[in-house]
Amino acid sequence: MSKLGAVVEAVGKHEQFVRDQVKRARSDEKFARELTERWNKFKSEIPVSKTPTGIPLPRLALPEIDEAGEIARYLFGEGLPGEFPFLNAAYREMYLEPLQHNEQGSFKRSTSARSTSSNGAKKNGARPPEEPTRLFSGLMLAEDTNKRFHFLSAHQRSKRLSTAFDGPTLYGIDSDADGVFGKIGEGGVAVDTVEDMVRLYDGFEVGSPDFSASMTISGPAPIIMAMYIAAAKRRFGNGVVPNLRGTIQADIFKEVQAQNETIFPIEASLRFLLDMIEWTSANMPRWYPVSISGYHIGEAGSTPVQQAAYTLSNGFAYVEMLMARGADVNVFGPRLSFFLDCGLDAEYIALARVSRKIWAIGMRDVFGAGPKAQLFKLHTQTSGRSLVAAEFKNNLTRTAAELMLAYMNATNSCHSNSADEPFTTPSEEWIRLASHAQAILLEESGIFKHTMNMLSGSPGMKAVERAVEKAILDEFREIESLGGVMGAVENRYQRSQIQNAAHRYEEQIYDGTRPIIALNRYRNGSDEMPEVELARTPRSRQQLQVDRLKKFKARNAAKAQKELEKLAAVVETDENCFPALLEAAEVCSLGQISGCLQEVVGRFRPMV
Amino acid sequence: MPAPIRILTAVPICDGHDSAINTINLEFIRHGIEVVYLGFHRYVSDIVRAAIQEDVAAIGISSYNGGHIEFFADVVRHLKKLGASDIKVFGGGGGTITHDDAREMKRKGVDQIFFAGTPLTEMVAYVKKHYAKPRKARAKSNVDLTLARQLTEIEDAKGKVKNSKSKNSKRPKVIGFTGPGGAGKTTLIDELVLRFLKQDRQSRVAILSHDPSVVGEGALLGDRATMINSQDDRVFMRSMATRGQAGGLSPATESCLQLLAHSDFDYVIIETVGTGQEAMPFRNQLVDQTVLVMNPDYGARLQLQKIVMLDVADIVVVNKTDLDRAKAALSEIEHRLTQNKRDQQIVATVAKRHRDAGVDELFELITNSKSSVAAVSDRRNRKNRRSETAATSRKKS
Ligand code: B12
């Protein structure tokens, strides 16, 4: 049995454990008393905030139960926010606005009850936690994206940037390579060298506790990570490295299953990834070196259940592989993070909640992980695919509804798509509205800022939870029967499941099973395409990128050659190759490094 | 029944958005269209080469990551340059291709762009209406164009060979690959191709690969998409649907093979669809050497004693020998081959591994065996002809 089978068993055992506790609470008086006392004490300690009209509201809402069996079911089956199995939330406090002086103080810090930000909770609510808003952006050249970053974060307390790279960068290809000119700077930013990396985050204090950078790249992730570190060192000296905060996507399994940006054979990709995770876990304790992603699986057309099941099983597979290399689950475990999609289907009402629970149980009971390594820390993005071209301003409403679902699932950070999503990298007009949508929900409205879980735990949500959990475990069994994640990948299992689901989805749009307003229902009768501002990279900018890359290569030719030889030699051995990548990143371009690695390990053979 | 429409689909370079094209492929094959799918992240030159060799009526491109005006226009230009402007270009890219873009693309020779919100049935109807016409003879032609069209004629006439006169006294070495699905035949062939190409600078290889299809229905011909080394002007690859024939080959295979075997190649490789234990697909003398590719996990599906090909294959490859069961499988098969008392070879490979020593060994076995040794004596003669082909093919890239 692979570890996935063991996870299925562990979840079953946990359900049994909960049933036993409920029974015991109903038969064992002493136990019942203990539980009830704990419950009442906890409830009485919940801080209270006041709405602008003066109504007092608890910062955390608990179900109105006083029977010991029901209390046991809640405490063991769901867990308080920040407590195992984390169904309700990874942390005890999220989204809340700081308490005013005259209000009661917030929870004391404990290991399992923390705010998302270590410094946010420091002064007991004196300082608000980081905003969960994190908008994905990247366009044209590094300077252009840098400008967009400053535009987006101008009003943020904490600077949480999220970087989109262009096609050539995502595929580890240099901008001066044959046949890619027209793709430079399209759909993301062009990064070829450490110098581009310096330009990209110019003006941001990358070592500050208020800054974090997320980079959406996976195939060449270890190379880009090395460039990021090299750029930070150039700007702030070697001492900055342990302070770097952020996330690099780096998840290779979902590339093979859905996003199609793998550039090395799977085994080699995994080796580079694990080398990087080991190195950053040891040297950059605040960095998240992998974001295990379901977003791309969902957007490629999977069902929500497939999305969660493949993401979780991919995560468990990484843990299994890292442990097989001798890594300590309590060192790397807390550095794993997750990324899910949130669309309009009913499953999304509870998808992230259930995922958090299954992850925690698997990590604790199958892999022996401690509390910090049990947390499913989640970034959510609203669904791009749910946004359509027909009467595209409706996309504002779709995204708003999805945002609501995402925050009801207690996501730790969130990207909201712009209404012009079907057409282009967003213009300032639409990305500003997308960002404001989150501010309206979290800051303007009273839905999340007084009580973090105002809308959680409804009977409907629970019904979805049960159905989704069962379906995810069924998927696990299927994957297990194919020899675990690797076996299933090699059999194209996830890919073919996703493709069939995607075809069904499109069929359902055109046969009307899936109503899409203004597309297959309530059409306005015109096929006109709206006028939207397109973000297209002018040829002159593309040429600039090529020219400066060529200069960089000429300037560093001799040094680059030496570093590449050293790198190739290390890759031939079993050693961790990340240190060699760090050195190469100083003088080599992305394409030079990926080419060098491909010489040694080969190229990825596409799966279609 | 008229021959099925054949089209090629692909996604441009630096673009992995394949969800739309996967859906459209499925829809096309359900409606009787044969789709050669080249996959995502593909260069213009790879797309055009494949379209010519596969002799498709049209190329469908799905583009999302921008630069579509240039990319589509490049494909059209490239086709024209190679004398294949009868191959039409159409496609889509959701909302990323605007109406203005589409107008410009049409001016540059693109047939049709499908916008976001187009029902799938509309695309099928378009293809059926516009790409089913009989193909006209081409004004300008070259080796690959001519060969590709001849293969189509053979295939659509259901196997009748046009009298293809052999220009060579020595024909290429023909190697047949067969074995159960999932054994890794395509990967193995692609890895061998890499070695063929590295061996010298001129030789050309032809590959005839098969995918299953039912009479009157479409087929997804996807082997090409998973090949990385075979996207090369020195490789001529043709994908065939079995069009209802059992046994791993198409009704036209034998005639197509005959044509290829009399064309200017050094090696012709033929790959069957995944076969069952009773299969013995190569019945003619055209195949010089047969290779059976097996997966160490055959136990679940096949019984060793019943695998007919084990008696006839010249070389048995046990691929994926990194799997747990490999050792046991190798010794079982070896035992079985010894009982045959023929001069059969067994090779253990891990084809997915870069520079795999087992694949090197197989390559040696194939290139040094008798018929290719004979071919060596004729090498000077062939080289002259080859440099002609090489020159024409170099012009293409
Ligand atoms: C799904 C999706 C993804 C998925 C792709 C999964 C996959 N395997 O395909 C994921 C999440 C992985 C993804 C990633 C990225 N994406 Co994306 N993605 C989309 C999204 C949401 C939908 C596209 C889609 O598949 N729609 C479903 C299809 C079936 O419908 P359709 O697009 O309307 O197409 C219709 C017709 O045009 C026609 N059609 C389409 N193609 C063809 C071809 C032929 C031959 C025919 C006949 C018809 C036809 O059929 C459809 C049905 O009517 C769009 C935005 C949007 N809402 O459209 C962005 C979008 C395309 N992505 C975009 C970008 C930038 C990216 C990334 C580069 C982001 C980054 N920097 O990391 C990456 C790159 C991924 C890669 N490997 O290339 C941009 C492109 C911007 C631009 N060109 O200016 C878009 C527009 C979003 C945006 N506004 O930023 N993406």
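Quick note: structure is the one above.
Draft legend 1. Quick peek at the overall build of chain A. From N to C terminus, chain A includes 21 helices and 11 strands. A compact globule built from 608 residues would reach a C-alpha radius of gyration of about 25 Å, and chain A, at 24 Å, matches this within 12%. Out of the 608 residues belonging to chain A, those deemed buried represent 62%. Partitioning the intrachain contacts of chain A with sequence separation of at least 6 by distance along the chain shows that 77% fall at a separation of at least 24. Accessible surface for chain A amounts to roughly 23,100 Å². Of this, 52% is attributable to carbon and sulfur atoms. Each charge class in chain A was averaged separately, 72 positive and 76 negative side chains, and the resulting centres sit 4 Å apart.

Draft legend 2. Representation of the overall build of chain B within the structure. In terms of helices and strands, chain B carries 13 helices and 13 strands. Here chain B, with 397 residues, has 60% of them falling under the buried criterion. Taking as baseline every contact in chain B between residues at least 6 positions apart, the subset at least 24 positions apart corresponds to 78%. Approximately 16,300 Å² of chain B is accessible, and the part contributed by carbon and sulfur atoms is 52%.

Draft legend 3. Structural detail: a nonpolar patch on the surface. On the surface, a cluster of nonpolar side chains totalling about 350 Å² of accessible area is made up of Met1(B), Val214(B) and Val215(B). By secondary structure assignment, the location of Val214(B) is in the loop between strand E7 (205-211) and strand E8 (219-221).

Draft legend 4. Geometry of the coordination of the cobalt atom of the ligand. Exactly one donor from the protein chain reaches the cobalt atom of the ligand: His17(B) (NE2), at 2.2 Å. Within the secondary structure, His17(B) is located in the loop between strand E1 (6-10) and helix H1 (19-30).

Draft legend 5. Inspection of the interface of chain B and chain A at higher detail. Contacts between the two partners involve 48 residues from chain B, matched on the other side by 45 residues from chain A. Between chain B and chain A, roughly 3,600 Å² of surface is buried when both sides are summed, and carbon and sulfur atoms account for 55% of that area. Linking chain B with chain A are 8 salt bridges, by the criterion used here. Between Glu191(B) and Arg605(A) there is a salt bridge, and its shortest N-O distance comes to 2.9 Å. Here chain B is connected to chain A by 23 residue pairs in polar contact (both at pLDDT 80 or more). The leading source of residues in the side of chain B that touches chain A is H1(B), at 6 residues. Along the lines of polarity and charge, the residues of the side of chain B that touches chain A split into 16 nonpolar, 22 polar and 10 charged.

Draft legend 6. Molecular detail of the nonpolar core. Core analysis: the biggest nonpolar cluster contains 203 residues, and Tyr201(A), Tyr228(A) and Phe476(A) have the highest contact counts within it. Per element, the largest residue contribution to this core is 11 residues, and it comes from helix H7 (residues 221-236) of chain A. Residues from two domains meet in this core; each of domain 1 (6-140) and domain 2 (166-387) of chain B gives at least three. Not counting chain neighbours up to four residues away, the residues in contact with Tyr201(A) comprise Asn146(A), Phe149(A), Leu161(A), Thr163(A), Val206(A), Phe211(A), Ala213(A), Ser214(A), Met215(A), Tyr228(A) and Arg235(A). With 26 residues, the next largest nonpolar core counts Ile175(B), Phe177(B), Ala183(B) and Leu192(B) among its residues.

Draft legend 7. Region of the structure containing the site of the ligand. Around the ligand sit 49 residues, and of these Glu421(A), Thr424(A), His17(B), Tyr64(B) and Thr118(B) come closest. Of the chains in the model, those with residues near the ligand are chains A and B. Here a nitrogen atom of the ligand sits 2.6 Å away from a polar atom, N or O, in the main chain of Thr424(A). Taking Gly94(B), its main chain carries an N or O atom lying 2.9 Å from an oxygen atom of the ligand. If one sorts the elements of the shell around the ligand by residue count, H1(B) sits on top with 4 residues. Residue classes in the shell around the ligand are distributed as 21 nonpolar, 21 polar and 7 charged.

Draft legend 8. Spotlight on the environment of Ile113(B). Residues and elements named next belong to chain B. Its place among the elements puts Ile113 in strand E5 (residues 112-114). Along the chain, Ile113 and Ser62 lie 51 residues apart, while their C-alpha atoms are 9.6 Å from each other. The contacts of Ile113, once residues within four sequence positions are left out, are Phe72, Gly91, Gly92, Ile97, Ala102, Met105 and Lys106.

Draft legend 9. Up close: the pattern of salt bridges. For the structure shown, the criterion picks out 68 salt bridges over all chains. The partner of Lys357(A) in a salt bridge is Glu15(A), with the nearest N and O atoms 3.0 Å apart. Separated by 342 residues along the polypeptide, Lys357(A) in helix H13 (residues 351-366) and Glu15(A) in helix H1 (residues 3-27) bring together distant segments of the chain. Lys357(A) sits in the buried class, given a relative accessible area of 8%. Owing to a relative accessible area of 25%, Glu15(A) belongs among the partly exposed residues under this scheme. A salt bridge links Glu191(B) to Arg195(B); its shortest N-O distance comes to 3.2 Å. Pair noted here: Glu191(B) and Arg195(B) are both in helix H7 (residues 185-199), with a separation of 4 residues, about one helical turn. The exposure classification of Glu191(B) matches that of Arg195(B), with both residues buried. Each member of the salt-bridge network shares a partner with another, and the members are Arg6(B), Glu34(B), Glu54(B), Glu155(B), Asp156(B), Arg224(B), Arg238(B) and Arg243(B).

Draft legend 10. A look at the packing of H13(A) against helix H16 (residues 459-481) of chain A. Residue and element names in this part refer to chain A. Packing of H13 against H16 leaves a shortest axis separation of 9 Å and a crossing angle of 55°. The pairing of H13 with H16 is recorded here as oblique in orientation. Remark: the crossing between H13 and H16 carries right-handed chirality. Taking contact as the criterion, the partners of Leu351, Arg353, Val354, Lys357 and Ile358 in H13 are, on H16, Met461, Glu465, Val468, Glu469, Ile472, Leu473 and Phe476. Considered class by class, the residues forming the contact of H13 with H16 number 8 nonpolar, no polar and 4 charged.

Draft legend 11. Structural context of the packing of aromatic side chains. All names here are of chain A. Taken as a whole and assessed by the stated rule, the structure comprises 30 aromatic pairs over all chains. For the ring pair Phe84 and Phe86, a centre distance of 6.3 Å and an interplane angle of 80° mean the geometry is edge-to-face. Like Phe84, the residue Phe86 is buried in the burial classification. Each ring, one from Phe316 and one from Trp359, has its centre 4.6 Å from the other, and the planes form 25°; the classification is stacked. Placement of Phe316 in helix H11 (residues 304-324) and of Trp359 in helix H13 is noted, with a sequence separation of 43 residues between them. Trp359 matches Phe316 in its accessibility class, with the two residues each being buried. Among the aromatic residues, those joined into a cluster by ring pairs are Phe149, Tyr201, Phe204, Phe211, Tyr228 and Trp287.

Draft legend 12. Spotlight on the sheet that holds strand E3 (residues 136-137) of chain A. Residues and elements named next belong to chain A. Sheet architecture is open: 5 strands sit in the order E3-E4-E5-E6-E7, paired in parallel fashion. Looking along the sheet, the strands with just one partner apiece sit at the ends: E3 and strand E7 (287-288). Inspection of the sheet shows strand E5 (residues 211-216) paired to strand E6 (residues 246-248) by 3 bridges, in the parallel sense. Paired with Ser214 across the strands is Thr247, a residue of E6. Of the strands in this sheet, E3 and strand E4 (159-164) touch helix H4 (residues 142-153), which is tilted by about 145° from E4.

Draft legend 13. Just a positive patch on the surface, in detail. Together, Lys88(B), Lys129(B), Lys133(B) and Lys136(B) line one region of the surface with positive charge. Tracing the sequence through the fold places Lys133(B) in the loop between helix H5 (120-130) and helix H6 (143-156).

The rules behind each value
Numbering of residues begins from 1 in every chain and follows the order in which that chain's sequence is written. Starting at A for chains and at 1 for ligands, labels are handed out in the order in which the entities are written. Only residues with pLDDT of at least 70 get local features here, since the model is predicted, and only at 80 or more are side-chain atom pairs given and counted; chain-wide, interface and lining totals rely on the full set of residues. By convention in this description, side-chain values take in all heavy atoms of the structure and omit both hydrogens and water. Numbering of helices and strands runs from the N terminus, with a helix taken as a DSSP run of H or I at least four residues long and a strand as a DSSP run of E at least two residues long. We take the radius of gyration over the C-alpha atoms and set the globule estimate at 2.2 Å times the residue count to the 0.38 power. Only protein chains enter the accessibility calculation, which uses a 1.4 Å probe; a residue whose area is less than 20% of its type maximum is buried, one above 50% is exposed, and one in between is partly exposed. The contact rule is simple, with two residues in contact once any of their heavy atoms fall within 4.5 Å. Under the convention used here, a 1.4 Å probe and the Shrake-Rupley method define accessible areas, while residue burial counts only the protein chains that appear. Residues counted as positive are Lys and Arg, residues counted as negative are Asp and Glu, and His and the chain ends are not counted. Charge positions are represented by NZ for Lys, CZ for Arg, CG for Asp and CD for Glu. Think of a patch as exposed residues, more than 30% relative accessible area, with no salt bridge, where like charges cluster within 9 Å and nonpolar side chains (Val, Leu, Ile, Met, Phe, Trp, Tyr) cluster within 5 Å. Salt bridge, as used here, is a side-chain nitrogen of Lys or Arg placed within 4 Å of a carboxyl oxygen of Asp or Glu. Coordinating donors are taken as N, O and S atoms within 2.8 Å of the metal, stretched to 3.2 Å for Na, K and Ca; because water is absent from the atoms, sites can appear incomplete. Two parts placed together each lose some accessible area under a 1.4 Å probe, and the buried area is that loss summed for both. Definition of a polar contact: a pair of N or O atoms within 3.5 Å, with one able to donate and the other able to accept a hydrogen when the atoms are protein atoms, and with sequence-neighbouring residues admitted only if both atoms are side-chain atoms. For this classification, the nonpolar set comprises Ala, Val, Leu, Ile, Met, Phe, Trp, Tyr, Cys and Pro, the charged set comprises Asp, Glu, Lys and Arg, and every other residue, Gly included, is treated as polar. Side-chain atoms within 4.5 Å link the members of a nonpolar core, which is a set of buried Ala, Val, Leu, Ile, Met, Phe, Trp, Tyr and Cys residues. What fixes the domain bounds is an automatic or database domain assignment. Distances are taken per atom, and a residue is near a molecule or strand as soon as one of its heavy atoms is within 4 Å of it. Orientation is described by lines fitted to C-alpha atoms, with helices fitted over the stretch in contact, and by angles between N-to-C directions that extend from 0 to 180 degrees. An angle counts as roughly parallel when it lies under 35 degrees, as roughly antiparallel when it exceeds 145, as roughly perpendicular when it falls between 65 and 115, and as oblique in every other case. For a crossing to be left-handed, the near helix must be turned anticlockwise from the far one by less than a right angle; the clockwise case is right-handed. Two aromatic rings, drawn from Phe, Tyr or Trp (for Trp, its six-membered ring), form a pair once their centres lie within 6.5 Å of each other, and the interplanar angle then sorts them: stacked below 30 degrees, edge-to-face above 60, tilted otherwise. Here the rule is simple: two strands pair whenever DSSP picks up at least two bridges between them.

Shape descriptors only; they carry no functional weight alone.
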